[in-house]
Amino acid sequence: MGTNAGEQPIAGSIVIVVEAAPQGLLQYTLDPDERQPEWQVILIAHDDAVMGAATTPEQTAELLVRGSVECIRQSIPSLEVGGLTMRPELGPNDNAQVVAAGEAIFLQSEWDAVVKQAGDLPEV
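This section reports on the structure supplied with the text.

What counts, and where the lines are drawn
- Residues numbered from 1 in each chain as written.
- Predicted model: local features only at pLDDT ≥ 70, side-chain atom pairs only at ≥ 80, totals over all residues.
- Heavy atoms only, no water.
- Pairing = 2+ DSSP bridges.
- Helix = DSSP H or I, 4+ residues; strand = E, 2+ residues; numbered from the N terminus.
- Axes fitted to C-alpha atoms, helices over the stretch in contact; angles between N-to-C directions.
- Contact = heavy atoms within 4.5 Å.
- Expected span 1.5 Å × (residues − 1).
- Buried < 20%, exposed > 50% of the residue type's maximum accessible area, 1.4 Å probe, protein only.
- Arc of directions from axis to C-beta.
- Salt bridge = Lys/Arg side-chain N within 4 Å of Asp/Glu carboxyl O.

### Some words on the sheet that holds strand β4 (residues 80-90)
Two orientations exist for strands paired in a sheet by backbone hydrogen bonds: parallel and antiparallel.
Here's step 1: Strand order in the open sheet formed by five strands is β3-β2-β1-β5-β4, and the pairing between neighbours is antiparallel. A single partner strand is all that each edge strand has here, and the edge strands are β3 (40-45) and β4. Within the sheet, the average angular offset between the axes of one strand and its neighbour, ignoring direction, is 20°.
Here's step 2: Pairing analysis gives four bridges linking strand β1 (residues 10-19) to strand β2 (residues 23-29), with the strands arranged antiparallel. Its bridge partner being in β2, V15 is matched across the sheet by T29.
Here's step 3: Against the sheet, helix α2 (residues 57-73) touches β1, β2, β3, β4 and β5 (96-106), its axis set at about 120° to β1.
Here's step 4: This element, helix α3 (residues 108-120), spans β1, β2, β3 and β5 of the sheet and lies at about 85° to β3.

Laid out in structure tokens, this is it:
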């Protein structure tokens, strides 16, 4: 993703929604406070061996969210998150999901490129 030389990272917010299923949806936005946030959606598969090693629901939630952030960084390499709060919710198809929100620092040009690329995809 092309960035402007000397671009300074911005401080914003992130909201992540990830399904706790072997294959599930990861949804995230870096503009949750906008009137109409741009949500990005990715189908992901969780590593059963890693998820099986979690001994508490809290550990499972942390693994899901940490893995989600790493997945997002594939498109937004500058992304740094902090102070995430997490809560469980009932998701689609009665699957559990985790909603995490917190501070995010990232390059605006990377986020803009992700949003533009998603907007260029054909409707299904």
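Now that the structure has been shown, the text picks up again.
### Some thoughts on α2
Here's step 1: Taking 1.5 Å per residue, 17 residues should reach 24 Å; α2 reaches 24 Å between its end C-alpha atoms and fits that length.
Here's step 2: Among the residues of α2, those classed as buried are A61, L64, V65, S68, V69, C71 and I72. The buried residues of α2 occupy an angular sector of 160° when projected down its axis, which confines them to one face.

### Quick word on the pattern of salt bridges
Working definition: two side chains of opposite charge can pair if their charged atoms are close together.
Here's step 1: Per the stated rule, a full pass over the model turns up four salt bridges.
Here's step 2: With its nearest N and O atoms 2.4 Å apart, the salt bridge here joins E70 to R73. Here E70 pairs with R73, and both are found in helix α2, just three residues apart, close to one helical turn.
Here's step 3: Overlapping salt bridges bring together E70, R73 and E80 as one network.

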